[in-house]
Amino acid sequence: MKYSVDKQDRYTVFQIQEENLNSIIAPNLKSEFVILSNEGVSNLILDLSQVAYVDSSGLSAILTADRLWKQLGSFILTGIHNENIDKLIKISKLDSILTIVPTVEESVEFVLMEEVERELNLEGEEN
């Protein structure tokens, strides 16, 4: 599986550099997600801008990341430029479960705003 990982202080961008996110790639992707979560990555942005096809195994990998990051911070899905992927996500009603943001840049802003919100909530709980 070809991919890139861009680790920053408050977020990590994981870009899949494959055309197909399918049953061949999904198990490796899930493993990478577990590794990143164990490394303490608190916010993950999954960039699908180079992906043209996702099957049920690919959706399962995406849902694995969503579950992992529910406890860690934020999980954002971005770069869905392919109409078929967009339709698949809507048909399977995952658009109501996943946080989907159009671009990596907007995803970074979203993550940073959620970080500020979490920090403010923690301060409020301490007072």
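Look a little higher up for the structure.
Keep in mind it's a predicted model, so treat the numbers as computed, not measured.

Q: I'd like a description of the pairing of strand 2 (residues 12-16), backed by residues and values.
A: A large share of strand 2 lies buried, amounting to five of its five residues. Of the two faces of strand 2, the one lined by Thr 12, Phe 14 and Ile 16 and the one lined by Val 13 and Gln 15 are each fully buried. Hairpin connection between strand 1 (residues 3-7) and strand 2: a loop of four residues separates the two successive antiparallel strands. Where strand 2 and strand 4 (residues 43-47) come together, four bridges link them in parallel fashion. Within the sheet, the bridge partner assigned to Phe 14 lies in strand 4 and is Leu 46.

Q: Provide a residue-level description of the pattern of salt bridges, including the pertinent values.
A: Once their charged atoms are close, side chains differing in charge can pair, the charge on each being opposite to the other. On inspection of all chains with the given rule, the structure shows eight salt bridges. A salt bridge links Glu 119 to Arg 10; the nearest nitrogen and oxygen atoms lie 2.9 Å apart. Taken together, the residues Glu 119 in helix 4 (residues 104-126) and Arg 10 in the loop between strand 1 and strand 2 connect sequence positions 109 residues apart. Given the relative accessible area of 34%, Glu 119 is considered partly exposed. On the basis of relative accessible area, Arg 10 is assigned to the partly exposed category, the value being 32%. The residue Asp 86 makes a salt bridge to Lys 90 at a minimum N-O spacing of 3.1 Å. Note that Asp 86 and Lys 90 are positioned in helix 3 (residues 83-91) at a spacing of four residues, about one turn of the helix. The class of Asp 86 is partly exposed, set by a relative accessible area of 30%. Given a relative accessible area of 44%, Lys 90 falls into the partly exposed group. Linked by salt bridges that have partners in common, Arg 10, Glu 114, Glu 115, Arg 118 and Glu 119 make up one network.

Q: Provide a residue-level description of the sheet that holds strand 7 (residues 99-101), including the pertinent values.
A: Strand order in the open sheet formed by five strands is 1-2-4-6-7, and the pairing between neighbours is mixed. With one partner strand each, in any of the chains shown, strand 1 and strand 7 form the two edges of the open sheet. This sheet shows a mean twist of 25 degrees between the axes of neighbouring strands, independent of strand direction. With three bridges connecting them, strand 6 (residues 74-78) and strand 7 associate as parallel partners. For Leu 77, the partnering residue across the bridge sits in strand 7 and is Ile 100. Along the sheet face, helix 2 (residues 56-72) touches strand 4 and strand 6 and points at about 145 degrees away from the line of strand 6.

What counts and what doesn't
Residues numbered from 1 in each chain as written. Predicted model: local features only at pLDDT ≥ 70, side-chain atom pairs only at ≥ 80, totals over all residues. Heavy atoms only, no water. Buried < 20%, exposed > 50% of the residue type's maximum accessible area, 1.4 Å probe, protein only. Helix = DSSP H or I, 4+ residues; strand = E, 2+ residues; numbered from the N terminus. Pairing = 2+ DSSP bridges. Salt bridge = Lys/Arg side-chain N within 4 Å of Asp/Glu carboxyl O. Axes fitted to C-alpha atoms, helices over the stretch in contact; angles between N-to-C directions. Contact = heavy atoms within 4.5 Å.

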